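Structural features, examined
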Amino acid sequence: MAAKNNQLLVLGIESSCDETAAAVVSSDASGKAIIRSNVVLSQIADHAAFGGVVPEIAARAHVEALDGLIEAALTDANVKLDQIDAVAATSGPGLVGGLIVGLMTAKAIAAVIGKPLLGINHLEGHALTARLTDDLAFPYLLLLVSGGHTQIVLVKGVGAYERWATTIDDALGEAFDKTAKLLALGYPGGPMVEEAAKAGDPARFVFPRPMKGDKSPNFSFSGLKTAVRQAANSIAPIDDQDAADICAGFQLAIADTLRDRVKRALERFKERFPDVAEPALVVAGGVAANQQLRETLRALCKKYGFSFLAPPLKLCTDNAAMIAWAGIERLREGLADENAMTTAPRSRWPLDEDAQALIGSGRRGAKA
């Protein structure tokens, strides 16, 4: 069976939020990953006028685009459907309408070609991307920062995850988006705030560093978001330089907060795994594209003797290559679900299903 063979070819489909994506990924005899194609269609223009993702618009856009993207991915990879070993599709967490589109399409393809279907946890796709790009060995630490999640996770193996920290209120990506909306910077918020901050003075506004020094390992961003709103209101109406200064101060506060929170996790990892010669921290998710946050974490890792790994920018945001690769990893471990054709989309699907549920721990928002 395919599960016993390192040489695998998987079609991946991603439609959990506002990117429609298809990809073909293979692994050679040694298990090394090869991204044969990775096609992503962003819906930013469709949602920009609303300042956020509109689920109904997203679902319709997936319906209109997905078939063509799958065809393009197969063409770019020079692969025919009958050569595919399996079809992997995001089945959660995310917006149910979008998930239905991708998962039903994947089921139809798998049924027609008579190959396995794998329903993939979108978060697992992010968690395993470092193995797709860098062949990273287990165990390692993952900082997952996106519009719906802010978590530190111990990645012990395929399907084996231990959540060490989460946000008790807002996700980091949500804080970026709402700051951008407050300052009328446009959508998506993360890149807009980062760009504005380049022209700003980070010392003009000193914002709180939520949870810094706290014994709890978790994150909190609602207070910081409130402080940004209060600062903006206190000097209204604001001009471009005011907005840039607020963004610079906000981004610096985020960087300092992440440094403090992640430091605790690095220390815990070393205590638990003293024999791991080359410990690694992986940062993944849309916010992982932020260069200031990357540099802050890279310097922290250097100080504590960790390797720092972040996916290429095109693999930080939602994509199907990571979903296809997660499918390959599961096939190799014999973790394909025999009942996958009855899999239902899941709007909520924590990576560590044994972790205690907390408000804000990836159970609200577009990627809850």
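Residues numbered from 1 in each chain as written. Predicted model: local features only at pLDDT ≥ 70, side-chain atom pairs only at ≥ 80, totals over all residues. Heavy atoms only, no water.

Re the pattern of salt bridges
- Tallied over the entire structure, the rule returns 15 salt bridges.
- The salt bridge involving R204 is made with D245; its shortest N-O contact spans 2.8 Å. One end of the pair, R204, is in the loop between α6 (189-197) and α7 (222-234); the other, D245, is in helix α8 (residues 240-272), with 41 residues separating them in the sequence.
- Here D245 falls in the buried class, since its relative accessible area comes to 4%.
- Measuring nitrogen to oxygen at the nearest pair gives 3.4 Å for the salt bridge that ties R346 to E353.
- A relative accessible area of 32% means that R346 is categorised as partly exposed.
- What you see here is one network of salt bridges that share partners, running through R131, E329 and R332. (Salt bridge = Lys/Arg side-chain N within 4 Å of Asp/Glu carboxyl O. Helix = DSSP H or I, 4+ residues; strand = E, 2+ residues; numbered from the N terminus. Buried < 20%, exposed > 50% of the residue type's maximum accessible area, 1.4 Å probe, protein only.)

As for the sheet that holds strand β10 (residues 307-309)
- With respect to topology, 5 strands assemble into an open sheet ordered β8-β7-β6-β9-β10, the strand pairing being mixed. Looking along the sheet, the strands with just one partner apiece sit at the ends: β8 (160-166) and β10. Averaged over neighbouring strand pairs, the angle between their axes works out to 25° when direction is ignored.
- Two strands pair when backbone bridges link them, and strand β6 (residues 140-145) and strand β7 (residues 150-157) are joined in this way by 6 bridges, in the antiparallel orientation. Bridge pairing links L142 to V153 in β7. (Pairing = 2+ DSSP bridges. Axes fitted to C-alpha atoms, helices over the stretch in contact; angles between N-to-C directions.)

Some details on the confidence of the model for the chain
- On average, the chain scores 92 in pLDDT, and the residues at 70 or more come to 96%.
- Within the chain, β10 carries the highest mean pLDDT (98), whereas helix α1 (residues 44-47) carries the lowest (82).
- Taken together, the stretch residues 361-368 has pLDDT below 50 and engages in 34 contacts with residues farther than four places along the chain or on a different chain. (pLDDT = per-residue confidence, 0-100. Contact = heavy atoms within 4.5 Å.)

Considering the layout of surface pockets
- The calculated volume of the second largest pocket comes to roughly 300 Å³.
- Residue contributions to the lining of the second largest pocket peak at 3 residues, all from strand β5 (residues 117-121). (1 Å grid on protein atoms, 1.4 Å probe; cavity = no way out; pocket = protein on both sides within 12 Å on 5 of 7 lines; lining within 4 Å. Points joined across faces, edges and corners; volume = space filled by probe spheres on them.)

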